[in-house]
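Summary of structural features
Take a look at the letters that make up each chain.
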Amino acid sequence: MGNLNRGTAEQKGRAEQKAQMEQGPQPIPAPGPARTGGGLARYVAAATLARTADGGAVVAIVLMVTTSGAPGWLAGLLGACITAPHLLGPLVARSLDSCRDGRVLIAWACMVHGATLAAAVLLYPVAWPVTGILLVVSGLVGPLLTGGISSRLPAIAGPGQVSQRRAQGWDVATYGIGGTIGPSVVAAVSAWAGPTAAALILAAATFVAAAVVRLLPYVPPAAVAAEVPRPVQTLRLMAVTGRLRRMLYLTATVAFSVAALPIAAVASTAMFHVQPAAAGVLTAAYGLGGLAGSAGVMCRPLRGDADRLVTRLAGAVAAALAVAALSGSFVPAAAAYAAAGVMNSYFFAATLAARSEFAPPQVRGQVFVWVGALKIAAGSAGTAAAGVVITGEPQLPLFLVAALIVAVAGASVLDRRNAGGPDPG
């Protein structure tokens, strides 16, 4: 009898999932308790703390190893131990959609991340292999600090499109702040008290983030555990749902492309007749542009269909990269890098809107983490590819990736037209 009931529940779950795919975008659940005052402010605080720790951890690890006199290969190995496991995020993301209270899971992920990071740096002088194992554990829960937290935002922000998209601007800002402040804190503290102290401060930040996450409004699960698809099934659902599919491959393409900017910045300093250190100014211009773009989304939220916005804004990123590639002097290049940062933030906000609005509720957490994992993989591949093709012509990678985005954006337009009818995408 138990097997019969279980089979009936699974059949019902598959039928509901198929119906949702046919219906297209799903309404964003916004239970009353999730919209209590201050929910967004607490979300921003928790996300910023968690992403600051996540963004600065690898810098702290590399600095710790190199300042200890260890070989560069060990610094790279231990750095990869905390970054590479992010690619396995989809394997742990299903619990976000199936657990009774996602806040508890994310809070535990923050504490595990902080505890393993702290233990790793403290044990490094004693046994670096143990440090590597602890960093792998820390990296495994990292996706819950990035895409996992983002999956909580749709219900916190409320049901209105304007409020949703303004909140997504805040979310983009937390990524930008975390990616900027994290390494900056590590650099400042390392110069004063050493990289181990910097890593311990980041670990402490994750414990504070865990406490704030527990204060977020409660959002009930969208489905019972039996109705939540497994990771491969979720990826298949994304592949057959046009709106999610286009968002996914455009996200990966843009991540691959903008990863060429730091490589091009370093290689182009000789062409611009400036000091090599000026490459930092170009990358800083990109980062500041990203923060300005997130502020723009907060002040004036994106309007219109998220599916089309993703395509259009990908084209805008391509245009900024092309201008950067065509820049013949340092100042116009810095302006182009800043414009690329602005456009990438707008594009990122559009992808967040697409994930929130088009992902079925019972897989929304997995969709966020899947996209984040593939984005990290694409960014790593983009950095490696830019390093390979940059020999001879420093601006060549930017020309190539701009053309790549245009081609993929064009393919997304054809994809949308071919869908026709009441396509779920």
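The structure we're discussing is the one just above.
These lines cover the structure that appears in this document, whether it is placed above or below. (Residues numbered from 1 in each chain as written. Predicted model: local features only at pLDDT ≥ 70, side-chain atom pairs only at ≥ 80, totals over all residues. Heavy atoms only, no water.)

1. Digging into the packing of helix 9 (residues 161-193) against helix 16 (residues 330-358)
Packing of helix 9 against helix 16 brings their axes to within 9 Å, and their N-to-C directions diverge by 125°. With respect to their mutual orientation, helix 9 and helix 16 come out oblique. Considering only the axes of helix 9 and helix 16, their crossing is right-handed. From helix 9, Gln161, Arg165, Gln168, Asp171, Val172 and Tyr175 reach across to helix 16, where they touch Ser345, Phe348, Ala349, Leu352, Ala353, Ser356 and Glu357. In terms of residue class, the contact of helix 9 with helix 16 is made up of 6 nonpolar, 4 polar and 3 charged. (Axes fitted to C-alpha atoms, helices over the stretch in contact; angles between N-to-C directions. Helix = DSSP H or I, 4+ residues; strand = E, 2+ residues; numbered from the N terminus. Parallel < 35°, antiparallel > 145°, perpendicular 65-115°, else oblique. Left-handed = near helix turned anticlockwise from the far one by under 90°. Contact = heavy atoms within 4.5 Å. Nonpolar A, V, L, I, M, F, W, Y, C, P; charged D, E, K, R; others polar.)

2. Some remarks on the pattern of salt bridges
Using the criterion set out here, one finds 8 salt bridges in the structure. Between Asp307 and Arg246 there is a salt bridge, and its shortest N-O distance comes to 2.9 Å. Taken as a pair, Asp307 in helix 15 (residues 306-326) and Arg246 in helix 12 (residues 242-258) lie far apart in primary sequence, 61 residues in all. Just as Asp307 is buried, Arg246 falls in that class too. Asp415 is paired through a salt bridge with Arg246; the nearest N and O atoms lie 3.5 Å apart. Of this pair, Asp415 sits in helix 18 (residues 396-419) while Arg246 sits in helix 12, placing them 169 residues apart in sequence. For the pair Asp415 and Arg246, a shared accessibility class is recorded, and that class is buried. Through salt bridges with shared partners, one network takes in Arg245, Arg246, Asp307, Asp415 and Arg416. (Salt bridge = Lys/Arg side-chain N within 4 Å of Asp/Glu carboxyl O. Buried < 20%, exposed > 50% of the residue type's maximum accessible area, 1.4 Å probe, protein only.)

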